[in-house]
Amino acid sequence: MATLTQIRDALAAVVLGVDDEISTYPRIPQKPNLPAAVVVPTEGNLAMTMKRGVIELQFEIFLLVSVADFDNGQRDLDVYLDLDSPQSVPSAIWNTGAPPGTILPGVQARVTGWRDYGGKFEAAGVDHLGVRLLVPVLVSRSS
Amino acid sequence: MTEFALLNAYSYVAGHDFTGDTNQVELSGEATVLDATTFRSNGWNERITGLKNLAFNMQGFWQSATEDAVDPEAFGDLTVSRAHTFGPVESEGQPAYMFMGLKSRYQWLGELNTVTPFTLNTVGSDGVGVVRGLLAKAKGAMTATGALGSVVNLGAVPSGQYLYATFHVFGAGTTATVQVQSDDAAGMASPTLRGTIGPVTARGGTWMVRVPGPITDTHYRFNVSAITGAFVAAGAIGIGR
């Protein structure tokens, strides 16, 4: 069975594959280099089957870009979100493994949506634009 | 036992453990109620019972594999009678409901963006119905000869009733033979052989040939009399009609 650390690493690795200019962080960094993708677990449902045979973990992937150039920053975010772009993060996760989103044996991730686009995000004192991808991850503990 | 959250209700069906696949399990028993009211019933309905029926339903998350997964176990086994052991708490000494059942309805897949579901309905398939016993061996390793699991205190087997046992092998080594023994005390100082399961050489379930009462002994256990290789197994022992 995959550990939480392995799942975060696997999600970060998929995002890294879409754009070699993006810095990916499986754990919250003290000071991210932008553009960045940060994998953050937000919730866990551990009571989905008897004996915790299947659990579902909720992740968010923070996509962050620099505020130095608002226009170009938004263009970058749009490319990461666009399902048909080569740098699409949702599609990169979808296209991993079979069934879609199988990032590890017995671990299926899917991007169900995104929220909080734009604004002025702040992490570790670094101003940035960003968006949060909503990524439920289904984990089969019997695998 | 006080009230408790249902978190590890176990469902052993032949050689597959559905426990981690399921999030809803229920066993129901009922008898047909026949009206026997006459003009001498003093204004009250009189009733007797006819045939009895048991139904076992599981719901959970569908998955597939070459073997030992929901789909090959359910699809391939539809209408086939198999040994079942089911209970609310997967701990030795806790209640276990044992029956021979056949899968009569299998429904799988569902809505977009939900965890892929399945429903499996089973009905009783022999004249024993359901036996209420105790889990004597929770799912776990079986690698050596000797006592297996826990001694369970079921009481004596009355005349006209029988000793029953189910045994499930989820992972098979080369071969194993398992006995059901009884004694008059928990120490099992001088056990008596009551039944034999196996030799078992593959994943699957066994409904032991029932042993007629009377048996005055009160305590029972599994004992591995011969084994080659490592097994994963579970079993229950009970008394019924």
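Look up a bit, the structure's there.
Residues numbered from 1 in each chain as written. Chains lettered and ligands numbered in written order. Predicted model: local features only at pLDDT ≥ 70, side-chain atom pairs only at ≥ 80, totals over all residues. Heavy atoms only, no water.

### Here's the deal with the overall build of chain A
We count it as follows: Only DSSP runs of H or I covering at least 4 residues are called helices, and only runs of E covering at least 2 are called strands; the numbering of each starts at the N terminus. For the radius of gyration, the atoms used are the C-alpha atoms, and the globule rule reads 2.2 Å times the number of residues raised to 0.38.
Each helix and strand counted, chain A has three helices and seven strands in total. Secondary structure elements of chain A occur, N-terminal to C-terminal, as α-β-β-β-α-α-β-β-β-β. For 143 residues, the compact-globule formula gives about 15 Å, and the C-alpha radius of gyration of chain A, at 15 Å, lands near that figure. Along the three orthogonal principal directions, the C-alpha set of chain A runs to about 50 × 30 × 20 Å.

### Overview of the interface of chain A and chain B
Stated formally: Throughout, a residue-residue contact means that at least one pair of heavy atoms, one from each residue, lies within 4.5 Å. Accessible area that two parts lose when put together, with a 1.4 Å probe and added across both, is what the buried area reports. A 3.5 Å cut-off defines polar contacts: any pair of N or O atoms within that distance qualifies, except that in protein one atom must be a possible hydrogen donor and the other a possible acceptor, and neighbouring residues in sequence count only when both atoms are side-chain atoms.
With eleven residues of chain A at the interface, the matching set in chain B holds 17 residues. Together chain A and chain B conceal approximately 1,100 Å² of surface at their shared face, both sides included; 60% is due to carbon and sulfur atoms. Sorting the residues of chain A by area buried against chain B places Met48, Met50 and Lys51 of chain A first, and these three jointly supply 59% of that buried surface. Between the two partners, chain A and chain B, sit six residue pairs in polar contact (both at pLDDT 80 or more).

### Some words on the packing of aromatic side chains
Note the cut-off: Between 30 and 60 degrees the pair is tilted, below 30 it is stacked and above 60 it is edge-to-face, where a pair is any two Phe, Tyr or Trp rings, Trp via its six-membered ring, whose centres lie within 6.5 Å. Three exposure classes are used, based on accessible area relative to the maximum for each residue type with a 1.4 Å probe and protein chains only: buried under 20%, partly exposed in between, and exposed over 50%. Here, over-ring charges are defined by two tests on the NZ atom of lysine or the CZ atom of arginine: distance to the ring centre within 6 Å, and angle to the ring normal within 35 degrees.
All chains considered together, the criterion is met by twelve aromatic pairs over all chains. Here Trp114 of chain A and Tyr117 of chain A contribute two aromatic rings whose centre-to-centre distance is 6.0 Å and whose plane-to-plane angle is 50 degrees, an arrangement assigned as tilted. Owing to a relative accessible area of 47%, Trp114 of chain A belongs among the partly exposed residues under this scheme. A residue is classified by how much of its surface remains accessible, and Tyr117 of chain A, at 29% relative accessible area, is partly exposed. Within the aromatic cluster, the residues linked to one another by ring pairs are Phe56, Phe86, Tyr97 and Phe99 of chain B. Directly above the aromatic system of Phe170 of chain B lies the positively charged group of Lys139 of chain B, at a separation of 5.2 Å from the ring centroid. The ring of Tyr162 of chain B carries Arg210 of chain B above its face, with NZ or CZ at 3.7 Å from the centroid.

### Things to note about the sheet that holds strand E11 (residues 175-183) of chain B
Residue and element names in this part refer to chain B. Operational definition: Strand pairing requires that DSSP identify at least two bridges connecting the strands. Orientation is described by lines fitted to C-alpha atoms, with helices fitted over the stretch in contact, and by angles between N-to-C directions that extend from 0 to 180 degrees.
Reading across from one edge, E9-E15-E11-E12 is the order of the four strands in this open sheet, with antiparallel pairing throughout. Strand pairing shows two members of the sheet lacking a second neighbour, strand E9 (146-153) and strand E12 (192-200), which therefore form its edges. Pairs of neighbouring strands in the sheet enclose a mean axial angle of 15 degrees, with direction left out of account. Direction of pairing for E9 relative to strand E15 (residues 219-228): antiparallel, over a ladder of five bridges. For Leu148, the partnering residue across the bridge sits in E15 and is Phe222.

Any functional reading would require information that these geometric values do not contain.
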